[in-house]
Amino acid sequence: EAGVAQSPRYKIIEKRQSVAFWCNPISGHATLYWYQQILGQGPKLLIQFQNNGVVDDSQLPKDRFSAERLKGVDSTLKIQPAKLEDSAVYLCASSLWGAGVPYNEQFFGPGTRLTVL
Amino acid sequence: RKEVEQDPGPFNVPEGATVAFNCTYSNSASQSFFWYRQDCRKEPKLLMSVYSSGNEDGRFTAQLNRASQYISLLIRDSKLSDSATYLCVVSRSGSARQLTFGSGTQLTVLP
């Protein structure tokens, strides 16, 4: 079974530039998450989608970050304009949803490592 | 105060040693508990769930103390391949099923 796919794997940009990340979750997983992981810290949730609707975006810096999941499958996360403190690994994860799922195991993609200069 | 707190380590132990990691969580509404493992420059992966009754998976034993809001992970007979960062994770009840991650404890098993 294919895992969560993300691209690009690495991105280097200058501050004030824009960048976009793409995620394709595991087939059949209705729930998709974007996390930011700064070096030395655990992943921090940015936004959670259930199908194509937003469940929680309370920790998304909406002045510069945006995300969409138009058809309930793939998702993109955009940063515009980037700041130095946005340097991090951006992880996408997906999980099953609904009754009968005993616990919320999230499956992570390999991440996109962003460096802002 | 962070919602999930862990000793960052690093823990450097010889092969064959027993090592224990501790974690505390602040939100008493937390309902589900996990340990995830993250290898260097890789994504986190679920290691095991943690139950009040305690659970064991081979060399790994996880314990939960709800009264103290404390979670532990014990690794016996450490292998070189156990070297990784271990993330303590909690989830609240409700439909969102969001996970909150600790900062992780780094383990290096030495030959």
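Going by the structure above, here's the rest.
Residues numbered from 1 in each chain as written. Chains lettered and ligands numbered in written order. Predicted model: local features only at pLDDT ≥ 70, side-chain atom pairs only at ≥ 80, totals over all residues. Heavy atoms only, no water.

S.K.: Honestly, the state of the cysteines in this entry has me stumped. Any pointers?
M.R.: Note: disulfide means a covalent bond formed between the sulfur atoms of two cysteine side chains. In this structure the tally under the stated criterion is two disulfides over all chains. Covalent S-S linkage joins C23 of chain A and C92 of chain A, the inter-sulfur distance amounting to 1.9 Å. Its S-S torsion of about -70° marks the bond between C23 of chain A and C92 of chain A as left-handed, since a negative value means left-handed. Pair noted here: C23 of chain A is in strand β3 (residues 19-24) and C92 of chain A is in strand β9 (residues 88-95), with a separation of 69 residues, a long-range link. With respect to class, C23 of chain A is no different from C92 of chain A; both count as buried. One disulfide in the model links C23 of chain B with C88 of chain B; its S-S distance is 2.0 Å. Residues C23 of chain B and C88 of chain B share a disulfide whose torsion about the S-S bond is about -80°; that sign makes it left-handed. Of this pair, C23 of chain B sits in strand β3 (residues 19-25) while C88 of chain B sits in strand β9 (residues 84-92), and the two are 65 residues apart along the sequence. By the burial criterion, C23 of chain B is buried, and C88 of chain B matches it. (Disulfide = S-S within 2.5 Å. Helix = DSSP H or I, 4+ residues; strand = E, 2+ residues; numbered from the N terminus. Buried < 20%, exposed > 50% of the residue type's maximum accessible area, 1.4 Å probe, protein only.)

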